[in-house]
Amino acid sequence: MADEEKKEQPYLLEMLNITKEFPGVKALDGVKLQVAPGSVHALMGENGAGKSTLMKCLFGIYCKDAGQILYQGKEVNFQNPKEALDAGISMVHQELNQVLERSVMENIFLGRFPTKFGIIDDKAMYTRSKEIFDDLGINVDPKRKIGDLSVSQRQMIEIAKAVSYDSKILIFDEPTSSLSEKEVEDLFVIINKLRERGLGMVYISHKMDEIFRISDDITIMRDGKWVFTGKAKDMNMDQIISLMVGRPMTNRFPEKTHKPTGEVVLKVENLSGEYQPTVIDASFELRAGEILGISGLVGARRTELVETIFGLRKRKSGRIFYKGKELTINKPLQAIKNDFALLTEERRANGIFADLSVVFNSTIAHLDAYSKFGVLNEAKMKKDTQWVIDSMAVKTPSQRQQIGNLSGGNQQKVIIGRWLLNEPEVLMMDEPTRGIDVGAKYEIYKLIDELAARGKAVIFISSEMPELLGVADRIMVMSNGHVAGIVNTAETNQEEMMRLSAKYL
Amino acid sequence: MLTKGNIKRTMLNYAIYLIMLVMIIVIIAIEPSFLSLTQVSNILAQSSSRIIIALGVGGIIILGGTDLAAGRMVGMSAVITASLLQSVESSLRIYKDMPRLPVIVPILLAMVVCGVFSLIHGFFVAKLKVAPFIASLGIQQVVYGLFSIYFQNANGAAPIGSLDPAFTTFAQKNFFIGGENGFRLPLIVLYAALFTLLTWFIWNKTKIGKNMYAIGGNTESATVCGVNIVAGILIIYTIAGLYYGFAGALEAARTGSVTNALGEGYQMDAIAACVVGGVSMRGGIGKVSGVVTGVIMFQIINYGMNYIGVNPYLQYVVKGVIILIAVSIDTQKYLKKK
């Protein structure tokens, strides 16, 4: 069948029968992916389905065990990402790897600076960057320091960089996971431009509405296997979800079982942080059994708000009351002792211990419960870890597996489990579903609801408005460090939230 | 399952041991008498204080730091204990009017002094955020200067000798397994075994150990998890100091004659042994068994090269190459993960 298709339409990139085995796991098993020129090909699948592994095989980061990669009709075997890049295959990473202290143009031309008599030619670099930017409609001064830009701008720079390499194939790995809705629009404008120019793009994402808007073809993977490839316009969301999870899924959000009617457990008054960027004069209340969503654009400083409450950032002024009693939280340990928990946004940076085991990662925030005179009760630690693995449905070969070897979604589940072991009363979750597949997202929504039903107070930060509308009782919209408004989920809509998001810009 | 990746990984994990094993076999092939129980006890005895030092340094490396001051700490302890534990009959005694001290008192004193200096060292790293390498460079100079002044004032520049027999016995005593001509087990080996067990317990079974791995593995994550970073670092540095103190006393008693040069360069052997034993310089990774194996392997090669009469300068080259290979392998292991 694949052969017939090939005759009809010359693909730009074909990955056929790709197989890759890791110790104990068959990560890829005969996967195929065929990208046509001038198209966006969505690659979908649950976490651990093998999407990232497939891409790593393409770029030579992993060495495939079997299979064939054809690029412009010729077989290729890249040994490293640089070779792929030189051949015209680029990737815009989920986590941007840029030299933050250097300028935009230096980042674009890193490794191949234009020179004149051996001296770097800044002028040429500037002109060429500017040309590409104007061409793509990116409004950034190439001389600015890249660290001063927003995430979405930095992502645009990555795309511009790919274009500057004259890439024919561009791969996006969860490009919108940290973008606000407005920024997603900007990204799509550029993607559409590139499509018109005949580039082939692979778009890895979990966001259904985006997939339908932007993609031409969809390939779905499940458990390391190729499952389905088809035209996006012939499919609907339920079909895709059932192909991804292998079972039909009717509701995206679980039914609410909790009632936000408890006493006020957390009261924040005029909270401001000491160091920029910071939250400014934030006030809100949170009841037991309530889920408070926090919405906002990138740069709204939602993360800064919860980190200030949790004692990770220095507080300048304002007061925090827990069950009517004023708290002084200067470091996370004090927050934890007062029954707070914080699931951080950047999993790799300040969530996991990548080189250490699942047991270690599950129990590290909870050591006091296992220690008697400083000596740890390992049986209890193992039992709790097993609870984390079972109740979160973590896919891991054993408790002693290094967490860094698990997929992103499974890492996230372990970290959520870590905090649940502490039995927190106030649970703050910063983008808990980022980069997580649909099935796991549903589990997390359900979990949040259950926690609220058990009387816990939950703060749920998300950049996906439908998710907040589906799960939260009230939504606090932040704008440029300020609380722009708190709305009841039942009485609001995305338009109102967007308007509030822009209030202090 | 033996796949290509699998074999490569296993090779990476054990390559350094394999290389050293081959070297040992070569040494034995050249001089078969090297393979004897006498040599085993010699090597174990020589490894003992090095194991204790390496375990101290190992903890600091797991924290993500390094300790260049370890050797001078050992020297400081050796000078303190030796100066306070000279034989009462000796005419060379420095403190002539001092009563005879129980051996344990100066040893504890030296351990406390080293512990305090190491605590101060840790303070610079934990609280003032000085890069560990630089902090240890500074502490090394300060410690060396201070105890050399003490040494100079106490005994001119002459080595401190004529140690109390009770003190030398403390390190030089032997047990014989299977009669007078049987296997000689030096008492000092038992101290090393004791510290090995203690360290294994601390690293694996206590909160202190878990916090150490957490801080070295990812300081940011550790902060979020409520780990007290400053306290965690201070404790590990202090423990290391206590270890150096005890090792210094052993070295003084073992050699029987001490100058302020004792301990010079010991930290290099300790760091090398840790690296060879799989303690990652990136922090967060390392096992007690690795450190101990690293020290013993290194010592066998050291001793073996002397035994077969390798040019001493060539010995430096060999040891240097082993270190470079070990670090390269360590780096490769973690490069692969990306």
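Residues numbered from 1 in each chain as written. Chains lettered and ligands numbered in written order. Predicted model: local features only at pLDDT ≥ 70, side-chain atom pairs only at ≥ 80, totals over all residues. Heavy atoms only, no water.

*Asks:* Before we move on, could you go through the overall build of chain A and cite the residues and values that matter?
*Replies:* Tallying secondary structure elements over chain A gives 18 helices and 24 strands in all. Its C-alpha radius of gyration of 24 Å places chain A within 12% of the 23 Å reference for a compact globule of 505 residues. With respect to the principal axes defined by its C-alpha atoms, chain A has extents near 70 × 50 × 50 Å. A burial count over chain A gives 56% of its 505 residues as buried. Long-range contacts, defined here as pairs at least 24 residues apart, represent 67% of the contacts in chain A between residues at least 6 apart. Accessible area of chain A: about 21,500 Å², with a carbon and sulfur share of 48%. When the 67 basic and 70 acidic side-chain charges of chain A are each reduced to a single mean position, those positions are 3 Å apart. (Helix = DSSP H or I, 4+ residues; strand = E, 2+ residues; numbered from the N terminus. Rg over C-alpha atoms; globule rule 2.2 N^0.38 Å. Buried < 20%, exposed > 50% of the residue type's maximum accessible area, 1.4 Å probe, protein only. Contact = heavy atoms within 4.5 Å. Areas by Shrake-Rupley, 256 points an atom, 1.4 Å probe, with all protein chains shown as cover. Lys, Arg positive; Asp, Glu negative; His and termini not counted. Charge placed at Lys NZ, Arg CZ, Asp CG, Glu CD.)

*Asks:* Tell me about a nonpolar patch on the surface, residues and numbers included.
*Replies:* A cluster of nonpolar side chains, contributed by B:I7, B:M11, B:Y14, B:L18, B:L21 and B:I25, occupies part of the molecular surface with about 590 Å² of accessible area. Overall, the relative accessible area of 48% leaves B:Y14 in the partly exposed class. (Patch = residues over 30% accessible without salt bridge, like charges linked within 9 Å, V, L, I, M, F, W, Y side chains within 5 Å. Salt bridge = Lys/Arg side-chain N within 4 Å of Asp/Glu carboxyl O.)

*Asks:* Mind laying out the pattern of salt bridges, listing which residues take part and the relevant values?
*Replies:* Evaluation of the coordinates by the stated rule reveals 26 salt bridges over all chains. Among the salt bridges present, the one from A:E431 reaches A:R302, with a minimum N-O distance of 4.0 Å. With A:E431 in the loop between β21 (426–430) and α16 (438–453) and A:R302 in helix α10 (residues 302–309), this pair connects stretches of sequence that are 129 residues apart. With a relative accessible area of 8%, A:R302 lands in the buried category. Between B:K207 and A:D368 there is a salt bridge, with the nearest N and O atoms lying 2.3 Å from each other. Highlighted residues: B:K207 in helix α8 (residues 207–217) and A:D368 in the loop between α13 (358–363) and β19 (371–372), drawn from two different chains. One network of salt bridges, with partners in common, ties together A:K267, A:E269, A:R319 and A:E326.

*Asks:* Describe the packing of helix α3 (residues 70–84) of chain B against helix α5 (residues 132–155) of chain B, naming the residues involved and giving the relevant values.
*Replies:* All names here are of chain B. Between α3 and α5, the shortest axis-to-axis distance is 9 Å and the interhelical angle comes to 20 degrees. Taken together, the axis directions place α3 and α5 in an arrangement best described as roughly parallel. Crossing of α3 against α5: the hand is left-handed. In this structure, α3 contributes R72, M73, G75, M76, V79, I80, S83 and L84 to the contact, and α5 contributes I139, Q140, V143, Y144, F147, Y150 and F151. Across the contact of α3 with α5, the residue classes tally to 11 nonpolar, 3 polar and 1 charged. (Axes fitted to C-alpha atoms, helices over the stretch in contact; angles between N-to-C directions. Parallel < 35°, antiparallel > 145°, perpendicular 65-115°, else oblique. Left-handed = near helix turned anticlockwise from the far one by under 90°. Nonpolar A, V, L, I, M, F, W, Y, C, P; charged D, E, K, R; others polar.)

*Asks:* Talk me through the packing of helix α14 (residues 378–391) of chain A against helix α15 (residues 408–421) of chain A; I want residue IDs and the actual numbers.
*Replies:* Residues and elements named next belong to chain A. The N-to-C vectors of α14 and α15 enclose an angle of 125 degrees; their axes lie 9 Å apart at closest approach. Considering the angle they form, α14 stands oblique to α15. Here α14 runs over α15; the crossing is right-handed. Taking contact as the criterion, the partners of D384, W387 and V388 in α14 are, on α15, K413, V414, G417, R418, L420 and L421.

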